[in-house]
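Next come the chains, spelled out residue by residue.
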Amino acid sequence: VTSIREFTHEFMIAQGLTKVFGNPGSNELPFLKGMPAEVQYVLGLHEGVVVGMADGFAQASGKPALVNLHAASGTGNAMGALTNAVYSQTPLVITAGQQVRETIGQESFLSNVDAALLTRPLTSWSMEPACAADVPRAFGQAVWEATTGTKGPVYLSVPYDDWDQPSSPNDRHLLARSVTEARSLSQEQLDRLVRRLDRADRVALVLGSAVDTVNASDDARILAERLNADVWVAPSPYRLPFPNRHGQFRGVLPAAIAGVSERLKDYDLVLVLGAPVFRYHQHSPGQYLADGVELVQITEETGAATRAPFGEAIVADVAGALAALSGNVAARPNSRSGSWRESTPAPQAQDGIFHPAKVFELLRENAPGNTAYVVESTSTNEAFWDQMDLRLPSSYFWPASGGLGFGMPAAVGVQMAMPQRPVIAVIGDGSANYGITALWTAAHYNVPVTFIILKNGTYGALRWFADLLQVEDAPGMDVDGIDFAALARGYGVTATTVASEKAFIDSLSRAASSGRPHLIEVATSLTTP
Ligand SMILES: Cc1ncc(Cn2c(C)c(CCOP(=O)(O)OP(=O)(O)O)sc2=O)c(N)n1
Ligand SMILES: [Ca+2]
């Protein structure tokens, strides 16, 4: 008789879930027993790193990732990483071991009390099956909940004595199941939108990260060029949905109410695709939109449509909408299409201290054009977008809720999913500490990420926020004196500390040709975000 474990392993392989990102405890061992050779277990040394790696892997591969955590303590460690994954709608199937079913009520050691509640509201679905016989169906539901409707992380807690129970012959039906969806614009919605776009004088496209998640930036560019529309990226992007040096690219909208309405005030129609309206961050009250500006939002995320405070929302497949719109709007004269903007020269490094813009200029000039960047350096965004020239989909990954500890692990996950592209992680010296153990996994599985640590010795973004909020004496702002090269070597990753542009370029090219992970730490000056 097939056990529930054996059936579940077979189902995982049938679903293509052939990597398990995990950190094990005793509750998980009965699930991990006899794992088929087709399944690779990727060990992370902290559950935040495990979920960060799975998040990067799932985003870069475009497929769900399977995670296995240790009951409540493991799940608790993963919650910070889940704040990102839930906002990037990353399909993660998070499983966790539970104590023996009959001992949960008495809360014996390692019981995950109220397991199905533990991850709410950071999972769209969570469950602990009411009996062992329901585990296979619940596992299937977890996979389809993660990948259908508003996609995102889900959670399944399984008592560890369930795995040895016999699987039912009915479970075989699960192997034949599929769950798909089609939520394209209706013909009437499409016709109405095309008429509005064709009649509008000055159109702005505001593109969200989901446009890159669904790999639709090419159609976004075609639509923008046909409309001769200005293109903005929606606030707080965790992906790049449009080439940032394209002649029609106007920048990333500030994550502030007044800032957004100021930049959108001269348009008569704003079309938002694949973004919430909007993910503001610093609070600067004002009019949501200037008078005369109309806004239409197309999103796959029902909640982003229903909770928006203004504009007309359509819940529909974003890639399909872009393909339909770009094929139906009238073409306008456009001298900008296909043009590329030059970048501004970065300030020179002084006495071994680099302006972050100089680091980015050296990356633009020396890293391969198909490099994918995983960035978690919270005071250098402006310099990054000024200097970088990213033209390919899946070229930029950022923690979707700003939950730090994403960058280094996600870079490992992205590189595992895209072995054909170089991956460079650009990490602040504050952020690096939240996911630093990812270096061990990079070394252990030889994942050739180049990690660049920008050392300004402080929580730069918080200094900027402290000024904004007039908090003169904020404590806990400094993180100086950390030797990341020594930490990297301690986890098995080679490292260099560079103090000149030549040394930076040499380290970069040596790292790229080594085929191994490498860390480069560079002292940088403090800039405003
Ligand atoms: C898990 C977690 N903890 C704390 C913060 C708060 N935080 C912190 C601590 C920041 C400073 C990060 O410093 P850095 O060195 O990585 O980058 P910059 O110096 O460029 O800001 S930005 C920010 O929002 C967070 N976002 N996420
Ligand atoms: Ca810093």
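Numbering of residues starts from 1 in each chain and follows the order in which that chain's sequence is written. All chains are assigned letters beginning at A, and all ligands numbers beginning at 1, according to the order in which they are written. The predicted nature of this model means local features are confined to residues of pLDDT at least 70 and side-chain atom pairs, given and counted, to a pLDDT of 80 or more, with totals for whole chains, interfaces and linings taken over all residues. Remark: hydrogens and water are excluded; side-chain values derive from all non-hydrogen atoms of the structure.

1. Comments concerning the sheet that holds strand 10 (residues 269-273)
Piece 1. Strand order in the open sheet formed by 6 strands is 9-8-7-10-11-12, with parallel pairing between adjacent strands. At either end of the open sheet lies a strand with only one pairing partner, and these are strand 9 (249-252) and strand 12 (312-315). Pairwise comparison of adjacent strand axes, ignoring direction, gives a mean angle of 20° for this sheet.
Piece 2. A pair of strands is treated as paired once DSSP finds two or more bridges between them. Secondary structure elements follow DSSP: runs of H or I of four or more residues count as helices, runs of E of two or more count as strands, with numbering from the N terminus. Across 3 bridges, strand 8 (residues 230-233) lies against strand 9 in parallel orientation. Lines fitted to C-alpha atoms define the axes here, with helix axes fitted over just the stretch in contact, and angles between the N-to-C directions of these axes take values from 0 to 180 degrees.

2. A closer look at the sheet that holds strand 13 (residues 372-376)
Piece 1. Taken together, 6 strands build an open sheet; the order of strands is 14-13-15-16-18-17 and the sheet is parallel. Both edges of this open sheet fall to strand 14 (396-397) and strand 17 (494-498), since each of them pairs with a single strand only.
Piece 2. In terms of strand pairing, strand 17 meets strand 18 (residues 518-523) through 5 bridges, oriented parallel. By the bridge assignment for strand 18, T497 is matched with E521.

3. A few points about unusual backbone geometry
Piece 1. In this structure, P121 follows R120 across a cis peptide bond, with omega equal to -5°.
Piece 2. When you line up the elements, P121 lands in the loop between helix 5 (115-118) and strand 5 (125-127).
Piece 3. Unlike most non-glycine residues, N228 shows phi in positive territory, near 50°.
Piece 4. Note on placement: N228 falls in the loop between helix 10 (217-227) and strand 8.
Piece 5. For the exposure calls, accessible area comes from a 1.4 Å probe over protein chains only, and a residue counts as buried if that area is under 20% of its type's maximum, exposed if over 50%, partly exposed in between. Relative accessible area serves as the criterion here: at 28%, N228 is assigned to the partly exposed category.
Piece 6. Even without glycine at this site, S236 takes up a positive phi of about 55°.
Piece 7. The residue S236 is located in the loop between strand 8 and strand 9 in this model.

4. Quick word on the coordination of the calcium ion (ligand 2)
Piece 1. The calcium ion (ligand 2) binds to the protein through D429 (OD), N456 (OD1) and T458 (O), with metal-donor distances spanning 2.2 to 2.3 Å.
Piece 2. Motif for the calcium ion (ligand 2), donor spacing along one chain: D-x26-N-x1-T. Highlighted residues: D429 in the loop between strand 15 (423-428) and helix 17 (438-444) and T458 in the loop between strand 16 (450-455) and helix 18 (460-468), separated in sequence by 29 residues.
Piece 3. On the basis of relative accessible area, D429 is assigned to the buried category, the value being 3%. Note that water is not among the atoms considered, so a metal site may appear incomplete; the donors listed are N, O and S atoms within 2.8 Å of the metal, with 3.2 Å applied to Na, K and Ca.

5. Describing the packing of aromatic side chains
Piece 1. Classification of ring pairs uses Phe, Tyr and Trp, with its six-membered ring standing for Trp, and accepts pairs whose centres are within 6.5 Å; under 30 degrees between planes counts as stacked, over 60 as edge-to-face, and the remaining range as tilted. By the definition in use, this model includes 17 aromatic pairs.
Piece 2. A ring pair is formed by F242 and F249, whose centres lie 6.5 Å apart and whose planes are at 15°; its orientation type is stacked. F249 carries the same exposure label as F242, and that label is buried.
Piece 3. Taken together through their ring pairs, the aromatic side chains of F360, Y373, F384, W385 and Y396 make up a single cluster.
Piece 4. Taking NZ or CZ as reference, R177 lies 4.7 Å from the ring centre of W144, over its face.
Piece 5. A ring has a charge above it when a Lys NZ or an Arg CZ is no more than 6 Å from the ring centre and no more than 35 degrees off the ring normal. Positioned above the aromatic ring of Y87 is the side chain of R279, whose terminal nitrogen or guanidinium carbon lies 3.7 Å from the ring centre.

6. Quick notes on the confidence of the model for the protein
Piece 1. A residue's pLDDT is the predictor's confidence in that residue, given on a scale from 0 to 100. On average, residues of the protein carry a pLDDT of 96, and 100% of them reach 70 or more.
Piece 2. Predicted complex, confidence summary: ipTM 0.99, pTM 0.96.

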